[in-house]
Amino acid sequence: MNLMKSSFLGSTAGLVFLSTVLLVVIPPNLAHAQGDEGQGPGHGHAIAQNGDAQTEAKPQIWPQFKATTSTPVFSLYDALGRPDNLTVRGMFRARGEGLVNQFRPAPAARDDYLASFFTDIFAEYNLGTVKIGAELFDSRGYFQPLNSATSATEVNTLEFGQAYLNVDLTGALQDGSRSSVTAGRFTKDIGSRRLVSRQLFRNTTNAFTGLSYDWKGANKDQMTLLWTMPHTRLPDDARGIRENTIEFDRESPDLQLFGGSYTFANVFGGSLETYGYGLYEQDSGTGAGSVQTRNRRLFTPGVRLLRAKKPGQWDYEFEAIYQRGLVRETTAITDTRDLRVSAYFFHGEAGYTFAANWLPRVVLQYDHASGDSSNPNTFTRFDTLFGVRREYNPPSIYGPLQRSNMISPAIRFEVTPSPIWDAFVAYRTLFLADRTDSFALTQVRDRTGRSGNFAGHQIEGRLRYWVVPDAMLLETGAAYLFKGRFLVDAPNAPDTPDTFYAYLATNIFF
């Protein structure tokens, strides 16, 4: 076992070397691999010549990288004979990841590793006004040690995450708008995805059962209204997760998410989104098999101003969210005292994309999520609901950062040399918003506040490369957590050096 662990961790460290090698050996104009029609970076204002005369320069065409495809080279749809009105597609991902020097308190494994596999098959039949859709997810994990951080966020075997009817209402208002109603089980991305999201990096995704109304006006304004019962992923016990037990997810009126979002187009050269979401949660009883919760009853309004990135111009994003309501401190059945919630989150960023080869982009970011104060009568720790965490770090067995008790300025550098590959490197500093609360998702806490509020630094990098365009995507990344005073001196902080994490994934689309 020790030999196997040493070998695996050794190969994990080698992922950083692999990333470096790939960056060196990939030529700067890989778009030529797509044929004569491919447009690579630095294509420039080409001059077409006709004898001694020169025609007008063609406009610059910049490369765009997409980490997925709707037209795979090896298509399940083609294999089925391209049936009319039917859409079928799939994806398989295999990922190996490892972590050295745990940041979580005992009894978490000092060195953690996981081989995860994700299969996704989607089908939708179009009857015209009505569409019938279904999506099967299969998320499995293997070889993790005892006390691994692997949880129900990584393992969810054979689950129909989507099974819905979608009714097209376009033309009902006769104003040029488009709209539809979706009923059943579905996944959802809204706005920045910081509160409601379909996960991409994580080995499982969020899913909901309920109703969703989506509208897009002729002026590009958009609106979403929804009432749902979020799914609780099962199994959620250590043995069931380790053995990849098949157990269907649970939805119940005991957990409800509802609300809406409206986005105004063409505001300050971008868009302005306003929204509000309600979360209702209660215990499912007191008998055998009942589920005990923190009885969250939250209202979360917010506003977001966005200007998308574009070569040769500044982009920005500012989002402010407030949270109020009632919650209990623990899930214990004896805890019946409601605490008043007053929490907040702010994100701000400003970036610039250079109109040059490789499309370099530099962006400054700042995130501030409130933590729980020492006041026993209130609860002030921000709850990110069903939001994605990938913008801060890879989740899975790593993922120390989330929108709770965290202040983090950051700088990020991105390149997109061609449609075949892209990469980024990011640096961020880490502080606690409240020094008596646990830091982000680390579970490390000093109730006295004597360990200070400096958690450390994180450096992260990622490379994505289409080995076979529209068929096979390679992704590799690494993160290094330099532990600050808090993660070293807090009473329950593990006695380990700085944390290193790396992963290598292969995505196959069919």
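Predicted, not measured: the structure shown is a model, and the values here were computed from it.

A. Broad picture of the overall build of the protein. For the protein, the count of helices and strands is four helices and 21 strands. In the protein, which comprises 510 residues, the share counted as buried stands at 49%. Restricting the contact set of the protein to residue pairs at least 6 apart, pairs at least 24 apart contribute 64%.

B. Local environment of the environment of V341. Along the polypeptide, V341 turns up in strand β14 (residues 339-353). Look at V341 and you get buried, because its relative accessible area is 6%. The spacing of V341 and T378 is 37 residues in sequence and 6.0 Å in space, taken between C-alpha atoms. Non-local contacts of V341, meaning those with residues more than four positions away in its chain, are made with L298, Q323, R324, G325, L326, V327 and F379.

C. View of empty space enclosed by the protein. Tallied over the full model, the rule gives three cavities of 30 Å³ or more. Approximately 90 Å³ is the volume attributed to the largest cavity. Looking at the largest cavity, the residues that line it are F137, S139, N156, E159, G161, T204, T205, N206, A207, H231, R233 and D249. The set of elements that each furnish at least two residues to the lining of the largest cavity consists of β5 (130-142) and β6 (156-168). Considering each element in turn, the lining of the largest cavity owes the most residues, three residues, to β6.

D. Structural view of the environment of F413. Inspection of the secondary structure assignment puts F413 in strand β17 (residues 406-418). Judged by its relative accessible area of 37%, F413 is partly exposed. Through-space distance from the C-alpha of F413 to that of V363 is 6.6 Å; in sequence the pair is 50 residues apart. In this structure F413 touches P360, R361, V362, A423, F424 and V425, once residues within four positions along its chain are discounted.

E. Molecular detail of unusual backbone geometry. Note the cis peptide between A106 and P107, where omega equals 15°. With respect to the secondary-structure elements, P107 resides in the loop between β3 (86-100) and β4 (112-126). In this model, L234 is joined to P235 through a cis peptide bond whose omega is 0°. Structurally, P235 is set in the loop between β9 (222-230) and α3 (238-242). Of note in the backbone geometry, N266 takes a positive phi value of approximately 60° without being a glycine.

F. Just the side chain of D383, in detail. The residue D383 is located in the loop between β16 (378-379) and β17 in this model. With relative accessibility at 17%, the residue D383 sits in the buried group. A polar side-chain atom of D383 sits 2.8 Å from the main-chain amide nitrogen of L385. In this view, D383 contacts L195, R296, L298 and Q323; residues no more than four positions away in its chain are not counted.

G. Representation of the side chain of N244 within the structure. Among the secondary structure elements, N244 is positioned in the loop between α3 and β10 (255-267). With a relative accessible area of 7%, N244 lands in the buried category. In this structure N244 touches S139, R140, G141, Y142, V155 and T157, once residues within four positions along its chain are discounted.

Rules and cut-offs
- Residues numbered from 1 in each chain as written.
- Predicted model: local features only at pLDDT ≥ 70, side-chain atom pairs only at ≥ 80, totals over all residues.
- Heavy atoms only, no water.
- Helix = DSSP H or I, 4+ residues; strand = E, 2+ residues; numbered from the N terminus.
- Buried < 20%, exposed > 50% of the residue type's maximum accessible area, 1.4 Å probe, protein only.
- Contact = heavy atoms within 4.5 Å.
- 1 Å grid on protein atoms, 1.4 Å probe; cavity = no way out; pocket = protein on both sides within 12 Å on 5 of 7 lines; lining within 4 Å.
- Points joined across faces, edges and corners; volume = space filled by probe spheres on them.
- Polar contact = N/O pair within 3.5 Å; in protein donor to acceptor, adjacent residues only side chain to side chain.

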